[in-house]
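Structural description and commentary
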Amino acid sequence: MMSPLISIIVPVYNVEAYLPACLDSLLRQGIDDEQYEVVLVNDGSTDDSESICKDYVAQHANFFLLNQENQGVAAARNHGLDFVHGEYVIFVDSDDFLADNGLKRLVNVLKSHPGIDLVRFYSSYNNHIFDGKDEIDYEGKADKLLLSGGYPAFVWTFAYRKEFLDEHRIRFAKLRFSEDSLFIATVFLQNPSVCSTRANIYRYVLRQDSAVGKRDKIISRLSAEDGISAYEQINQEMEKSVFAADNTVRDTCIASMNRKKAPIYSRLLGAAYNWGEFKIIRQRIIRNSFYPMRPWNNDHRTKVFCVLLNLIFSNYVSYKFVSCFFNQIFTPYILPAYRKRVWSSN
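Attention in this report is confined to the structure presented alongside it. Computed from a prediction, not measured in an experiment: that's the story for all the values here.

We now examine the overall build of the protein chain. A count of helices and strands for the protein chain gives 13 helices and nine strands. Relative to the 2.2 N^0.38 estimate, which gives 20 Å for 346 residues, the radius of gyration of the protein chain is 21 Å and therefore close to what a compact globule would have. Taking the principal axes of its C-alpha atoms as reference, the protein chain extends roughly 65 × 50 × 40 Å. Taking all 346 residues of the protein chain together, the buried fraction comes to 51%. The long-range fraction of contacts in the protein chain, counting pairs at least 24 apart against all pairs at least 6 apart in sequence, stands at 82%. Put simply, the protein chain shows about 16,700 Å² of open surface, and 53% of that area lies on carbon and sulfur atoms. For the protein chain, the separation between the mean place of its 40 positive charges and that of its 41 negative charges on side chains is 10 Å.

Here's what the structure looks like:
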């Protein structure tokens with residue numbers, strides 16, 4: 001039996017309301033079943049998600065189900081990576097979906113670029129869809145893409161050659177948050193060959209109840225500390241990479257990382273640390289150069305933002321004051337209204 005060209009890894013955890021739409025979309029891809037497989041990794045769901053997965057596996061020979069105790073999305077994706085048979089791997093979150101015939105468009109690129117390490121495609125929110133043309137907007141090594149915009153933001157806008165991941169021993173770190181940032185940075189630091197198509201294939205579903213959107217103290221602490229760990233590990237990967245002595249690429253990557261610190265700082269505010277905890281976390285972010293925040297461009301608004309953020313984290317009194325405002329006023333009242341306005345406008 002021939003191996004499929006594409007393996008789709010779908011981590012699943014308590015998404016019974018969204019899972020059928022996701023899996024149905026994977027059946028409308030315009031290619032033969034033999035060309036792709038769908039690997040569902042049930043991460044210890046306690047709702048009806050596992051039963052839904054079993055129904056699809058029973059009906060479709062190219063669907064497979066792996067079960068594990070709840071360990072998080074990183075472990076689920078790694079479980080899938082160790083199982084898949086395809087030449088290329090893509091990741092689809094179980095509350096998102098693919099555009100109809102998306103894989104057909106991807107297959108055309110893969111067949112016209114044999115042996116390419118990565119294929120980048122485009123994505124859009126589920127309520128603000130645009131359909132990019134099937135045209136190649138970049139082809140070459142990853143260093144040029146890094147110079148144009150730094151590290152990519154998402155793991156699910158790429159098809160990865162499985163042998164490339166295995167050759168470089170790339171897997172997801174054991175983090176609950178920011179594991180995707182670390183993964184895609186590690187991939188790009190190997191300077192793979194990349195082809196980018198403007199085809200808009202992935203649909204990201206906006207959810208107010210997603211883990212990323214949750215703002216309670218426990219989630220904020222986990223997210224902040226995992227984000228800092230990812231930052232530390234990306235720096236370590238940079239020092240081992242082919243770009244360690246390339247100041248141009250290195251500086252661009254550092255600027256990219258600075259830009260992505262802002263959400264982690266917001267989680268630090270949401271963490272509501274006491275004095276002892278703040279002292280420990282502040283020492284850590286100083287030691288690893290996460291703090292102070294440095295501007296990632298020359299825009300005066302960016303510079304002002306960084307100055308204010310550095311003042312907030314310069315001492316416990318200012319941190320405590322802003323953290324109280326953030327948790328008692330901004331998060332419960334201002335942020336939901338802002339999200340509602342932005343999401344409805346999209």
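In this structure, E179 sits in helix α7 (residues 179–188). Setting aside residues no more than four positions away along its own chain, E179 makes contact with V73, A74, R77, F172 and A173.

A separate point is the pairing of strand β4 (residues 88–91). Burial along β4 is two-sided: Y88 and I90 and V89 and F91, pointing in opposite directions, are all buried. Summarising the sheet, strand β1 (residues 6–12) and β4 pair through four bridges and their orientation is parallel. Across the sheet, I8 pairs through a bridge with I90, a residue of β4. Judged from the two bridges that link them, β4 and strand β8 (residues 158–161) form a sheet pairing that is antiparallel. Pairing of V89 across the sheet is with Y160, part of β8.

Quick look at the packing of aromatic side chains now. The geometry of an aromatic ring pair comes down to the distance between the two centres and the angle between the two planes. According to the stated counting rule, one finds 23 aromatic pairs in the structure shown. Ring geometry for Y160 and F183: centres 5.5 Å apart, planes at 80 degrees, overall edge-to-face. Placement of Y160 in strand β8 and of F183 in helix α7 is noted, with a sequence separation of 23 residues between them. The two residues Y160 and F183 agree in class, both being buried.

Another point: the state of the cysteines. Within the structure shown, the criterion is met by zero disulfides. We note that C253 lacks a disulfide partner, and the nearest cysteine sulfur, in C306, lies 18 Å from it. Overall, the relative accessible area of 2% leaves C306 in the buried class.

Moving on: the pairing of strand β3 (residues 63–68). Pairing of strand β2 (residues 36–43) with β3 involves six bridges; the strand directions are parallel. Bridge pairing in β3 links N42 to N67. Remark: the β2/helix α2 (residues 49–59)/β3 crossover connection has right-handed handedness.

Time to look at the environment of F305. Along the chain, F305 turns up in helix α12 (residues 300–312). By relative accessible area, which is 34% here, F305 ends up partly exposed. Considered as a pair, F305 and N247 are 58 residues apart in the sequence and their alpha carbons are 26 Å apart. Apart from residues lying up to four places away in sequence, F305 is in contact with A262, M293 and W296.

This brings us to the environment of I201. As for its placement among the helices and strands, I201 is situated in strand β9 (residues 193–204). The spatial distance from the C-alpha of I201 to the C-alpha of N101 is 8.3 Å, given a sequence separation of 100 residues. Apart from the residues lying within four places of it in its own chain, the contact partners of I201 are F97, L98, A99, G102, L106, F121 and Y122.

Moving on, we get to the packing of α7 against helix α8 (residues 217–240). Between α7 and α8, the least distance of the axes is 9 Å, while the angle of their chain directions is 10 degrees. Overall, the two elements α7 and α8 adopt an arrangement that is roughly parallel. Each of S181, L182, A185 and T186 in α7 lies in contact with α8, whose residues at this interface are A230, Q233, I234 and E237. A breakdown of the residues in the contact of α7 with α8 according to their chemical character gives four nonpolar, three polar and one charged.

Where α8 contacts helix α9 (residues 247–259), the two axes come as close as 12 Å, and the packing angle between them is 175 degrees. Classified by the angle between their axes, α8 and α9 sit roughly antiparallel to one another. For the pair α8 and α9, contact is made by Y231, I234, N235, M238 and E239 and by R250, C253 and M257, respectively. When grouped by side-chain class, the residues that make up the contact of α8 with α9 number five nonpolar, one polar and two charged.

What counts, and where the lines are drawn
Residues numbered from 1 in each chain as written. Predicted model: local features only at pLDDT ≥ 70, side-chain atom pairs only at ≥ 80, totals over all residues. Heavy atoms only, no water. Helix = DSSP H or I, 4+ residues; strand = E, 2+ residues; numbered from the N terminus. Rg over C-alpha atoms; globule rule 2.2 N^0.38 Å. Buried < 20%, exposed > 50% of the residue type's maximum accessible area, 1.4 Å probe, protein only. Contact = heavy atoms within 4.5 Å. Areas by Shrake-Rupley, 256 points an atom, 1.4 Å probe, with all protein chains shown as cover. Lys, Arg positive; Asp, Glu negative; His and termini not counted. Charge placed at Lys NZ, Arg CZ, Asp CG, Glu CD. Pairing = 2+ DSSP bridges. Phe/Tyr/Trp six-rings, centres within 6.5 Å; stacked < 30°, edge-to-face > 60°. Disulfide = S-S within 2.5 Å. Right-handed = clockwise from strand over helix to strand, strands pointing away. Axes fitted to C-alpha atoms, helices over the stretch in contact; angles between N-to-C directions. Parallel < 35°, antiparallel > 145°, perpendicular 65-115°, else oblique. Nonpolar A, V, L, I, M, F, W, Y, C, P; charged D, E, K, R; others polar.

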